[in-house]
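Take a look at the letters that make up each chain.
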Amino acid sequence: MKEFPKSADAVVVGGGVMGASTAYHLAKMGMTNVVLLEKEDTLGAMSTGQCAGGIRHQFSSATNVKLSIESIRMLSKFTEEPGHEIDLRFTGYLFLMTDEEDIPGQRAAVALQNELGVDTEWLAREDLAGLIPQVNIDGVLAGSFNERDGLCDPNSVVHGYAGGARALGATITTGVEVTGFELSGESVNKVRTTAGDIATDTVVLATGAWTPDLGRMLGVDIPIKPVRRQIVVTTATPGLQSGFPFVLFLKEALYFHPEGPGVLTGKSNPDEPPGFNLDVDPEWEMVHLSEAMERLPLLEDAGVLSHWAGLYEITPDAHPIFGPVPQVTGVHVMAGFSGHGFMHGPICGLLMAEEILKGAPQTVDVSEFAYERFLSGDLHPELNVI
Ligand SMILES: Cc1cc2nc3c(=O)[nH]c(=O)nc-3n(C[C@H](O)[C@H](O)[C@H](O)COP(=O)(O)OP(=O)(O)OC[C@H]3O[C@@H](n4cnc5c(N)ncnc54)[C@H](O)[C@@H]3O)c2cc1C
């Protein structure tokens, strides 16, 4: 067994999609003395492994659309680099709108996506009826569809990047928790862990919903709230048409997509208080499933195969925090992806490696996600949050 490292050029905390992608891209760009630390016994055990696996271009902010373009391009070539099968399926994503108030914002979002070269179509109500006959579209006013949106397997993405990073010389460690930091003046110089200390001048906090805890260890206030979100996977639904897309009712925050022989469905509870509770709330599951059955009636003949809860990592404007923190030199944050971070993991890991090795992200300008926006109060929320 490899000895626990005493020093590293960079320590990446968190073994979800963000941490794994960052470790891989740092190693690929030549920084091989990288250590990734994950507190759970397996990588991708938290939000990443608990997510719905959706990948989409359909966002209201230009930066998110650009991140999706780059990430989906990287996921399309994942079998070549880092070289792993990820069960990528371009099922398409169908957004459905039932509230008149959502229409102008969604029309503008589709226009923005088109301007950025993304072929999302705006669909009038009459266009929808024949498209998905199995879905009850009562009250639906319009929709939008992108055939290059879809799904892939989150655990495979994490393991693809972690395996690639290891092969390039990075150290990937599970079952090790970061418990503190040591500073020299205003710069980080040591990471304290349950397995020993690591001397380093570069730390990446890819710690999802737990990032405020790490922030407290550094004296930095990080505005991310953990919010429970639930998923149900059903037993087989034989009547589901082939090519059934990822269907998402925007106002209702209800979604479903094919999963194996059944369906995966989720619905966000708008009254869910922040917290780390990961038990499934049976009452909310009843609300969720009765609405899902109303919208996709063939679910009435299906049973619950499995269900779980995971955490969204929500910021005040539903945008991530990306970049160095102004209070402690050497500490970079990439967290708070507010329920849509899995799909941005590939590009964000590359951007973080560019930030560390080249001084700033280069492939996409993500300066609007800097921590400093909370100090100035200049917030522009993302609308397409489910
Ligand atoms: C139900 C649900 C459905 C979702 N659906 C989608 C979807 O369809 N598409 C999409 O793009 N996104 C989706 N998301 C959001 C997505 O899962 C997250 O945005 C993304 O996985 C965040 O990745 P991460 O690496 O930042 O966080 P995580 O995967 O949570 O990784 C952070 C890791 O840091 C570790 N950690 C924390 N503290 C410490 C410490 N002190 N020491 C060591 N390790 C530590 C944690 O154990 C964890 O493994 C969904 C989320 C949920 C909950």
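Calculation criteria
- Residues numbered from 1 in each chain as written.
- Predicted model: local features only at pLDDT ≥ 70, side-chain atom pairs only at ≥ 80, totals over all residues.
- Helix = DSSP H or I, 4+ residues; strand = E, 2+ residues; numbered from the N terminus.
- Rg over C-alpha atoms; globule rule 2.2 N^0.38 Å.
- Buried ≥ 20, exposed ≤ 12 C-beta atoms within 10 Å, placed from the backbone.
- Contact = placed C-beta atoms within 7 Å.
- Arc of directions from axis to C-beta.
- Core = buried A, V, L, I, M, F, W, Y, C linked by C-beta atoms within 7 Å.
- Domains from an automatic or database assignment.
- Pairing = 2+ DSSP bridges.
- Nonpolar A, V, L, I, M, F, W, Y, C, P; charged D, E, K, R; others polar.
- Axes fitted to C-alpha atoms, helices over the stretch in contact; angles between N-to-C directions.
- Near = placed C-beta within 6 Å.

A.B. asks: Would you mind showing me how to read the overall build of the protein chain here?
C.D. replies: Looking only at helices and strands, one finds 9 helices and 19 strands in the protein chain. Here the C-alpha radius of gyration of the protein chain, 21 Å, is about what a compact globule of 386 residues would show, namely 21 Å. For the protein chain, the spread of C-alpha atoms along the principal axes amounts to about 65 × 40 × 40 Å. Across the 386 residues in the protein chain, those meeting the buried criterion constitute 48%. The long-range fraction of contacts in the protein chain, counting pairs at least 24 apart against all pairs at least 6 apart in sequence, stands at 75%.

A.B. asks: Explain helix α6 (residues 211-218) here, please?
C.D. replies: Because each turn of an α-helix spans 3.6 residues, side chains separated by three or four positions end up pointing in the same direction. Among the residues making up α6, those that are buried are Thr211, Leu214 and Gly215. The buried side chains of α6 occupy one side of the element, clustering within an arc of 105° when seen end-on. At its buried positions, α6 is contacted by β1 (10-13), β9 (178-184), β12 (203-205) and β19 (331-335). Looking one or two residues beyond α6, the residue adopting positive phi is Gly219, at roughly 75°.

A.B. asks: Is there a simple way to explain the nonpolar core in this structure?
C.D. replies: Within soluble globular proteins, side chains that are nonpolar generally end up buried alongside one another. Core analysis: the biggest nonpolar cluster contains 101 residues, and Val11, Val13, Ala23, Val34 and Leu248 have the highest contact counts within it. Among the domains, domain 1 (10-50 + 155-222 + 317-376) and domain 2 (94-146 + 225-314) are the pair contributing at least three residues each to this core. What Leu248 contacts, discounting residues up to four positions off in sequence, is Tyr93, Leu94, Phe95, Leu96, Tyr255 and Ile386. Core analysis: the second largest hydrophobic core is formed by 5 residues, Val65, Ala109, Val110 and Val118 among them.

A.B. asks: Where do I start with unusual backbone geometry in this structure?
C.D. replies: A negative phi angle is the norm for most residues apart from glycine, just as the trans form is the norm for most peptide bonds. Following Glu81, the chain continues into Pro82 via a peptide bond in cis, with omega recorded as 10°. With respect to the helices and strands, Pro82 occurs in the loop between α2 (62-76) and β4 (93-97). For Asp87, which is not glycine, the phi torsion reads 55° and is therefore positive. Examined against the element boundaries, Asp87 turns out to sit in the loop between α2 and β4. The phi dihedral of Ser338 is positive, around 55°, even though this residue is not glycine. Counting through the fold element by element, Ser338 comes out in the loop between β19 and α8 (345-358). A tally of 22 C-beta atoms within 10 Å means that Ser338 is categorised as buried.

A.B. asks: Looking at this structure, I do not really get the pairing of strand β2 (residues 34-38). What am I missing?
C.D. replies: Moving residue by residue along a regular strand, the side chains alternate between the two faces of the sheet. Counting buried positions over the 5 residues of β2 gives 5, a clear majority of the element. Burial along β2 is two-sided: Val34, Leu36 and Glu38 and Val35 and Leu37, pointing in opposite directions, are all buried. Pairing analysis gives 4 bridges linking β1 to β2, with the strands arranged parallel. The residue of β2 that forms the bridge with Ala10 is Val34. Where β2 and strand β8 (residues 171-174) come together, 4 bridges link them in parallel fashion. When the sheet's bridge partners are listed, Leu36 is paired in β8 with Ile172.

A.B. asks: Looking at this structure, I do not really get the domain arrangement of the protein chain. What am I missing?
C.D. replies: Think of interface size as the accessible area that goes away when the parts come together; that is how it is often given. Considered domain by domain, the protein chain is made up of domain 1 (10-50 + 155-222 + 317-376) and domain 2 (94-146 + 225-314). Relative to domain 2, the C-alpha centre of domain 1 lies at a distance of 30 Å. Residue-level contacts link 11 residues of domain 1 with 8 residues of domain 2. The class makeup of the residues in the side of domain 1 that touches domain 2 is 5 nonpolar, 6 polar and no charged.

A.B. asks: Sorry, what's going on with the sheet that holds β4 here?
C.D. replies: By way of backbone hydrogen bonds, the strands of a sheet pair with one another, either parallel or antiparallel. Read across the open sheet, the 8 strands follow the order β5-β6-β4-β14-β15-β16-β13-β17; overall the sheet is mixed. Pairing within the sheet leaves two strands with one partner each, and these edge strands are β5 (121-124) and β17 (304-314). Neighbour-to-neighbour, the strand axes of this sheet turn through a mean angle of 20°, independent of strand direction. Where β4 lies against strand β6 (residues 142-146), 5 bridges are found, and the strand directions are antiparallel. Following the sheet pairing, Leu96 is matched in β6 by Gly143. Packed onto the sheet, helix α7 (residues 282-295) meets β13 (225-234), β14 (246-249), β15 (254-259), β16 (262-267) and β17 and runs at close to 50° relative to β13.

A.B. asks: Would you mind showing me how to read the site of the ligand here?
C.D. replies: Taken together, the neighbourhood of the ligand is formed by 41 residues, with Gly14, Gly16, Gly208, Gly310 and Gly341 sitting nearest. Mapped onto the shell around the ligand, the elements with two or more residues apiece are α1 (17-28), β2, β13 and β17. Class assignment for the residues of the shell around the ligand results in 20 nonpolar, 16 polar and 5 charged. When residues of the shell around the ligand are assigned to domains, at least three map to each of domain 1 (10-50 + 155-222 + 317-376) and domain 2 (94-146 + 225-314).

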